[in-house]
Amino acid sequence: MSQPPYDPYGYGSHDPYAQQYQQQQPASVQHHYYGGSPVPVARPTNGMATASMVCGLIGFFACGLTSVLAIIFGHVAQSQMKRTGEGGHGMAVAGLILGYIVSVGWLIFWIFYIGLWAALVGTGSTTTY
């Protein structure tokens with residue numbers, strides 16, 4: 001019979017939990033690192049989709065100039081994502097929606113502004129003699 005392992009704390013055999021710990025050793029775990037990974041790999045995001053969304057957001061402050069770019073980038077991103085299977089569909093759609101809304105909003109604003117200016121200048125220049 002072999003000698004029990006050395007106990008540095010001096011509990012020895014009168015420790016009621018000592019046998020429980022010695023009997024309940026966890027089973028060894030084998031990790032298999034070959035084959036496919038259990039975690040699905042995320043698809044890369046399309047850069048044009050990101051650019052479309054950013055240009056759409058900036059369009060509010062840039063008088064709609066970047067909104068045209070947001071529309072172009074959004075359509076290009078959607079065609080690329082269909083072809084390559086990349087992610088970012090939501091960002092491309094958000095960029096398209098923002099681009100169209102901001103472009104139409106600024107277009108209405110400028111038409112109204114120019115029309116108001118033309119009306120003011122037109123009424124101010126007519127004089128009767």
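Every value quoted in this text rests on a predicted model; they were computed, and no experiment measured them.

Summarise the side chain of Ser 67; cite the residues concerned and give the values.
Relative to the elements of secondary structure, Ser 67 occurs in helix H3 (residues 65–84). By relative accessible area, which is 0% here, Ser 67 ends up buried. Apart from residues lying up to four places away in sequence, Ser 67 is in contact with Cys 55, Gly 59, Gly 99, Val 102 and Ser 103.

Outline a nonpolar patch on the surface, supporting the account with residue identities and numerical values.
Taken together, the side chains of Phe 109, Trp 110, Tyr 113 and Ile 114 make up a nonpolar region of the molecular surface, amounting to roughly 420 Å² of accessible area. Within the secondary structure, Trp 110 sits in helix H4 (residues 89–124). Classification of Trp 110 as partly exposed rests on a relative accessible area of 37%.

Describe helix H2 (residues 47–58), with residues and values.
One turn of an α-helix holds 3.6 residues; hence residues three or four places apart share an orientation. With 12 residues, H2 extends 16 Å from end C-alpha to end C-alpha; this agrees with the ideal 16 Å at 1.5 Å per step. Looking only at H2, the buried set comprises Ala 49, Ser 52, Cys 55 and Gly 56. When H2 is viewed along its axis, its buried side chains cluster within an angular range of 130 degrees and face the same direction. One side-chain oxygen at the N-terminal end of H2 lies 2.7 Å from the backbone nitrogen of Met 48; it belongs to Asn 46.

Conventions adopted
Residues numbered from 1 in each chain as written. Predicted model: local features only at pLDDT ≥ 70, side-chain atom pairs only at ≥ 80, totals over all residues. Heavy atoms only, no water. Helix = DSSP H or I, 4+ residues; strand = E, 2+ residues; numbered from the N terminus. Buried < 20%, exposed > 50% of the residue type's maximum accessible area, 1.4 Å probe, protein only. Contact = heavy atoms within 4.5 Å. Patch = residues over 30% accessible without salt bridge, like charges linked within 9 Å, V, L, I, M, F, W, Y side chains within 5 Å. Areas by Shrake-Rupley, 256 points an atom, 1.4 Å probe, with all protein chains shown as cover. Salt bridge = Lys/Arg side-chain N within 4 Å of Asp/Glu carboxyl O. Expected span 1.5 Å × (residues − 1). Arc of directions from axis to C-beta. Polar contact = N/O pair within 3.5 Å; in protein donor to acceptor, adjacent residues only side chain to side chain.

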